[in-house]
Amino acid sequence: MFKRVMVAVIGIPALILILGFASPGATVLLTMALCGVGARELMHAAAGKGGEKLLRMTVLVAAVIPAMIYEEAGRDKVQQVQLAVLSNLPLTATLVLAFVLLLFLSAILDYTDQHRITFSDVTAAMFAGVVFPLMLSCLLLLRLEEYGQLLVFVPLGISFGSDTFALFAGLLCGKHKLTPVSPKKTVEGAVGGLLGGVIGLSLVKGIGLWLLGLPFMTWWQVVLVGLAGSVVSQIGDLSFSVIKREFGVKDYGKILPGHGGVLDRFDSVTFVAPFIWLVLNIL
């Protein structure tokens, strides 16, 4: 518990400084690092021996995707002179297509009766190299919005608030098991997580009003989005737990003492970030 608290004491202020006060380029670098490390953790957890041959390519693509998204988002904000075909090329889609082709080409070339890159290895690489970084890169898209220095903390506030309140509600009141996927989680903890999601989003809204005078949500919207976001957050947490259960993994990594790996800490954020990005584009 001491290591867990110390990582939070050091990590949360660092996260606030990078996301809230540094330039968007710092958020790009942070997202690239998280995606690369997370992809590596997922491949080690879910891919077999054949996946080792796909590891470097998968990690590279996962780390590059946020940079491609950042470049394409910049095109929408800055009018550019069309000097070449490349200026209109959808970089992210092109990278994903090339990656998928290379994955299957690797499986074809490596195919033998004794040892092969399996379809499970390929699908693990697709999720680690494409789906996961696309979802987490929604943090970057939020940072690039107007008032992005505040909006980027919305999914973090909901996820961390939900996780924290679920933990303590489960420890104090937990009696009824929630799901065999995660035996320590309880129904009482899940209810506490719903409250935590609302409180986390309320703190973000309060800070926005205090520092920026930005009422980006009504209080009713805070309650509804906080509750829905907490549900998504808990689904995200349990989804990555399903993967760990299936492959017999306790933690995805050890990079964050007391927390595990990047995926252990940012599993719920990975799901909440795209949800909040969609919600804020609808409101």
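Refer to the preceding data block for the structure.
Everything quoted here is computed from the prediction, not taken from an experiment. Within every chain, residues take consecutive numbers counted from 1 along the sequence as written. Given that this is a predicted model, residues contribute local features only at a pLDDT of at least 70 and side-chain atom pairs are listed and counted only at 80 or more, while totals for whole chains, interfaces and linings are drawn from all residues. In computing side-chain properties, one takes all heavy atoms of the structure into account and sets aside hydrogens as well as water.

Caption draft 1: Spotlight on the overall build of the protein chain. Check the secondary structure of the protein chain and you find eleven helices and zero strands. Strands are runs of DSSP state E lasting at least two residues, helices are runs of H or I lasting at least four, and both sets are numbered from the N terminus onward. Ordering the α and β elements of the protein chain from the N terminus gives α-α-α-α-α-α-α-α-α-α-α. Each accessible area value is a Shrake-Rupley result obtained with a 1.4 Å probe; residue values ignore everything except the protein chains displayed when judging cover. Summing over all exposed atoms, the protein chain offers an accessible surface of approximately 15,100 Å²; the carbon and sulfur share of this is 71%.

Caption draft 2: Spatial organisation of helix H5 (residues 119-136). The terminal C-alpha atoms of H5 lie 24 Å apart, and with 18 residues this matches the ideal 26 Å at 1.5 Å per residue to within 8%. The angle separating two fitted axes, one through the seven residues that finish at a residue and one through the seven that start at it, defines the bend at that residue. Maximum bend of H5: about 30°, positioned at phenylalanine 127. Within H5, burial applies to Asp121, Val122, Ala124, Ala125, Ala128, Gly129, Val130, Phe132, Pro133, Met135 and Leu136. Multiply 1.5 Å by the residue count of a helix minus one, and that product is the helix's expected span. Throughout, exposure labels follow a simple rule: accessible area from a 1.4 Å probe, protein chains only, divided by the maximum for the residue type, with under 20% read as buried, over 50% as exposed, and the rest as partly exposed.

Caption draft 3: Just the pattern of salt bridges, in detail. Between Lys or Arg on one side and Asp or Glu on the other, a salt bridge is scored when a side-chain nitrogen of the former is within 4 Å of a carboxyl oxygen of the latter. One pass over the full model with this rule turns up five salt bridges. A salt bridge links arginine 265 to aspartate 163; the shortest N-O distance between them is 2.7 Å. Taken together, the residues span a long stretch of sequence, with arginine 265 in helix H11 (residues 262-282) and aspartate 163 in helix H8 (residues 153-173) at a distance of 102 residues. Across the pair, aspartate 163 and arginine 265 agree in class, each one buried.

Caption draft 4: Local environment of the side chain of serine 159. Mapped onto the secondary structure, serine 159 falls in helix H8. Two N or O atoms form a polar contact when they lie within 3.5 Å of each other; inside protein one atom must be a possible hydrogen donor and the other a possible acceptor, and for residues adjacent in sequence the pair counts only when both atoms belong to side chains. Here proline 155 takes part through its backbone oxygen, which lies 2.9 Å from a polar atom of the side chain of serine 159.

Caption draft 5: Main features of unusual backbone geometry. For tyrosine 147, which is not glycine, the phi dihedral falls at a positive 60°. Here tyrosine 147 is to be found in the loop between helix H6 (138-143) and helix H7 (148-151). Its relative accessible area of 40% is what places tyrosine 147 among the partly exposed residues.

Caption draft 6: The arrangement of helix H10 (residues 219-247) in detail. Here H10 is 29 residues long and its end C-alpha atoms lie 42 Å apart, about the 42 Å a rise of 1.5 Å per residue gives. Positive phi appears at glycine 248, one or two residues downstream of H10, with a value of about 65°.

Caption draft 7: Spotlight on the packing of aromatic side chains. Only rings of Phe, Tyr and Trp enter the pairing, Trp through its six-membered ring, and a pair is recorded when the two centres are within 6.5 Å. The plane angle decides the type: under 30 degrees is stacked, over 60 is edge-to-face, the rest tilted. A full pass over the atoms with the stated rule returns four aromatic pairs. Ring geometry for phenylalanine 240 against tyrosine 252: centres 6.1 Å apart, planes inclined by 85°, an arrangement best described as edge-to-face. Of this pair, phenylalanine 240 sits in helix H10 while tyrosine 252 is found in the loop between H10 and H11, placing the two residues twelve residues apart along the sequence. Here tyrosine 252 falls in the buried class, since its relative accessible area comes to 7%.

Caption draft 8: Molecular detail of the side chain of threonine 270. The residue threonine 270 is located in helix H11 in this model. Contacts are assigned to residue pairs with any non-hydrogen atoms lying within 4.5 Å of each other. Apart from residues no more than four positions distant in its own chain, threonine 270 is found in contact with Phe132, Met135, Leu136 and Phe240.

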